[in-house]
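Given next are the chains, with one letter for each unit.
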2 protein chains.
Amino acid sequence: MVSSKDVAIQAGVSQATVSRVLNHPDRVQAKTRDKVQAAIETLKYVPNAHARSLVQDKTKLITLLSGPLYNPFFVETTSAIVNYANKKGYQVNVQFVQDDELALAYATAIQTKVAGMILSCVFLEDAIFEQLTHMSIPFITYNRKHARNEYFVEIDNKQAGYLAAQHLQRLGHKRIAFIGGSQKVSTFHDRFIGVKQALGTLLPELVIHNTADKEEVAKAYAQLMQLPTPPTAIVCGADSIALAVMDVAYKAQVKIPEELSIIGIDNVEDSRHGAIQLTTVGSISERNLGLVAIQELIKMIENEKKPCIQITESVKVFSRSTTQRC
Amino acid sequence: MVSSKDVAIQAGVSQATVSRVLNHPDRVQAKTRDKVQAAIETLKYVPNAHARSLVQDKTKLITLLSGPLYNPFFVETTSAIVNYANKKGYQVNVQFVQDDELALAYATAIQTKVAGMILSCVFLEDAIFEQLTHMSIPFITYNRKHARNEYFVEIDNKQAGYLAAQHLQRLGHKRIAFIGGSQKVSTFHDRFIGVKQALGTLLPELVIHNTADKEEVAKAYAQLMQLPTPPTAIVCGADSIALAVMDVAYKAQVKIPEELSIIGIDNVEDSRHGAIQLTTVGSISERNLGLVAIQELIKMIENEKKPCIQITESVKVFSRSTTQRC
DNA sequence: GCCTAAAATGTATACGTATTCATTTTATGG
DNA sequence: CCATAAAATGAATACGTATACATTTTAGGC
């Protein structure tokens, strides 16, 4: 490994000067600057980011703890986050964490001294909040939020659930089912509250929580459809769930929306596809939540101050082709 | 920031002992080990990965240079790569790089002393190869490969192109178009060669290269369909392109496959979706290319030896519902 | 040409860890 | 109980960089 010391020798200057050429080019004469640059080229020197961040006690590194990519929502947010951070000169350490491995993910993530952390996967009650605060690491959550109600970017989940259920109700549906994820996370928790607000009481047999991946959605779907009187419409707690439901429904030759109406929440890119045309609820501004979050995080990092961030985007129904009058 | 020195003081031992507790617990008495562990808990000490990698001259860090996530192929590979690497104790630095920003991506990626590098985005002729070799950084490419023909994992792209075109030909199609990406990358280059082998000469008006994102695909599609005699079938150089074509076709009320047959290459997960059912060409084993690549890379990193890796997976047609007899 | 201020460069040090080598403590066997 | 080997611990150092401080060089004004 070629170090700044090697460059210094090659250029006939001190190591400090090499460092200055890199960080404060204006503080060094043009002549010596050229000598050093030449030496850098010759030796193909590249500065060691670890040493740099060790001495400066800061890094250009951000850790992203995202949900799994089989959910297109996280595809879009991950993409936006990584690209924006890179543009701003930050490297991004990515992990796709399943809820049950969260603790491990935190542990490893914290070892790398990071400039900041951006996470989607937080439980309502989660110890990570204290830990990050204690280490004074700037952080922000997107999609989900913590019970402490600080530093988050989300859509109005209650309203989203409400509008989704209301949409089906207004189309005349009476037997409306709900398929969602864990109630331990704010997203599904709040969305379900919204659904209940719109519908009043839901029959327990028509409510399925804790589905995560495609297989579990398929199981949930099967369970609903083999009921004596199956639902005529389903509110899916997320577009990823809706897409999975559509998949199994199509494969079971069930016509959508003729035989079954489906509505999602998130308004992901995929839902707009000509072959999908999923009716869904999403933010009015159509801003990418990940992008909003990373922008806020970088502001926090670079301004060193932490005004409490609480962003909740208003939502509306995007009516497409997977719902129709009952 | 609390350091191992602080822990040492708290526990009444030397810093060296703290380090030993962390790295060679067997080399320290149970009693002192407990004292140190207690101190670690009390102070919430977490070791600094930068200092560690500085002194050891190695890291548990891998850089991934992936293609953009609007291509579902990269969604699947990124997911597999990151998850496997994490399981093996590596952090993954991710960048989604457009071909035109490749140089910048390399530059920043190299600064972080990494254990290895895994990249999809390489040009056939690309200086990165020499640079990585010079820095003796283990690396591997997936999807694309370099002209040097070393350290890659791919599918048999020529064969894939050949089979895709042949499939349409056997269905009786005469006017077959091709939409692909840059010919500077091995993937599209080879796939197009295969197409030509199967079809003999293609009319120049039916060949469109250099499409990257959705918009460009839409333009390409429009260009083809407003020809005096439009094609009856399209070979898409990648499933992502095929999906984009389907999107615009559906929105233009063009029936697939009745009015237009479409075949892709990659066999991504999305292509199996009930609402999509894209006919495509993909590896027989259906192994995730990214997974294969990361497994090989980690082997290289941990065995320190570098047998040349050249993996080309055989392919076949997955016939679904976007192609039919002309 | 000399004095002074300013600019440029060099020297020394710190960051937090792992490890080599030296030293101390413990265990073993007679 | 002592001699010796082995085990455990401590002291010192290196990794590559940035920077505060010291020193040298340059420029400016007379």
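Reading guide: rules and limits
Per chain, residue numbering runs from 1 following the sequence as it is written. Whichever chain is written first becomes A and whichever ligand is written first becomes 1, with later ones labelled in order. Restriction of local features to residues with pLDDT of at least 70 applies here, the model being predicted, together with a cutoff of 80 or more for giving and counting side-chain atom pairs; totals for whole chains, interfaces and linings are based on all residues. To get the side-chain values, take all heavy atoms of the structure and skip hydrogens and water. Secondary structure elements follow DSSP: runs of H or I no shorter than four residues count as helices, runs of E no shorter than two count as strands, and numbering proceeds from the N terminus. By this rule, a helix spans an expected 1.5 Å times one less than how many residues it contains. Only protein chains enter the calculation, and the probe is 1.4 Å; a residue is then buried if its accessible area is under 20% of its type maximum, exposed if over 50%, and partly exposed in between. A pair of strands is considered paired only if DSSP assigns at least 2 bridges between the two. The criterion used for residue contact is that any of the two residues' heavy atoms lie within 4.5 Å. Lines fitted to C-alpha atoms define the axes, with helix axes restricted to the stretch in contact, and inter-axis angles between N-to-C directions lie between 0 and 180 degrees. Working definition: roughly parallel below 35 degrees, roughly antiparallel above 145 degrees, roughly perpendicular at 65 to 115 degrees, and oblique for all remaining angles. Each helix crossing is assigned a hand: it is left-handed if the near helix lies turned anticlockwise from the far helix by less than a right angle, otherwise right-handed if that turn is clockwise. For this classification, Asp, Glu, Lys and Arg are treated as charged, while Ala, Val, Leu, Ile, Met, Phe, Trp, Tyr, Cys and Pro are nonpolar and the rest, including Gly, are polar. To line up the copies, we fit them by least squares on C-alpha atoms, keeping just the residues with pLDDT of at least 70 in both.

As recorded in an unreviewed UniProt entry, chain A goes by the name LacI family transcriptional regulator, listed as coming from Lysinibacillus alkalisoli.

Student: Before we go on, may I ask you to explain helix 9 (residues 186-199) of chain A in this structure?
Tutor: Two residues of an α-helix separated by three or four positions point the same way, owing to the 3.6 residues in each turn. Residues and elements named next belong to chain A. With 14 residues, helix 9 should reach 20 Å at 1.5 Å per residue; the first-to-last C-alpha distance of 20 Å fits that figure. The element helix 9 is extensively covered by neighbouring structure, given that ten of its 14 residues are classed as buried. Among the residues of helix 9, those classed as buried are Ser-186, Thr-187, Phe-188, Asp-190, Arg-191, Phe-192, Gly-194, Val-195, Ala-198 and Leu-199. Directly beyond the C-terminal end of helix 9, a positive phi value near 75 degrees is found at Gly-200.

Student: Would you mind going over the sheet that holds strand 6 (residues 176-179) of chain B with me for this structure?
Tutor: Sheet strands associate in pairs through backbone hydrogen bonding, adopting either a parallel or an antiparallel arrangement. All names here are of chain B. Read from one edge to the other, the open sheet built from six strands follows the order 7-6-8-9-10-12, with strand pairing classed as mixed. This sheet does not close on itself; its edge strands, each paired only once, are strand 7 (207-208) and strand 12 (315-318). The sheet contact formed by strand 9 (residues 261-265) and strand 10 (residues 279-283) spans three bridges and is parallel. Each residue of the ladder has a partner; that of Ile-265, found in strand 10, is Val-281. Its contacts with the sheet put helix 9 (residues 186-199) on strand 6, strand 7, strand 8 (233-236) and strand 9, and the angle it makes with strand 6 is roughly 170 degrees. Lying on the sheet, helix 10 (residues 214-225) is in contact with strand 6, strand 7 and strand 8; it crosses strand 6 at an angle near 160 degrees.

Student: Which parts of the structure should I look at to understand the packing of helix 8 (residues 157-170) of chain A against helix 9 of chain A?
Tutor: For any two helices packed against each other, the geometry is given by the interaxial angle and the distance between the axes. Residue and element names in this part refer to chain A. As a packed pair, helix 8 and helix 9 sit with axes 6 Å apart at the nearest point and diverge in direction by 40 degrees. The angle between helix 8 and helix 9 falls in the class oblique. As for how helix 8 packs across helix 9, the hand of that crossing is right-handed. Contacts between helix 8 and helix 9 involve Asn-157, Lys-158, Gly-161, Tyr-162, Ala-165, Gln-166 and Gln-169 from the first element and Thr-187, Asp-190, Arg-191, Ile-193, Gly-194, Val-195, Gln-197, Ala-198 and Leu-199 from the second. Taken together, the residues of the contact of helix 8 with helix 9 break down into six nonpolar, seven polar and three charged.

Student: How do you make sense of the relation of the copies chain A and chain B when you look at a structure like this?
Tutor: To go from the first copy of the chain to the second, apply a rotation about an axis and then a shift along the same axis. Aligned on chain B, chain A shows an RMSD of 0.1 Å; the corresponding rotation is 180 degrees and the shift along the axis is 0.0 Å. Read as a symmetry element, the transformation amounts to a two-fold axis. By residue overlap, the copies meet face to face through one surface: 98% of the interface positions of chain A are interface positions in chain B.

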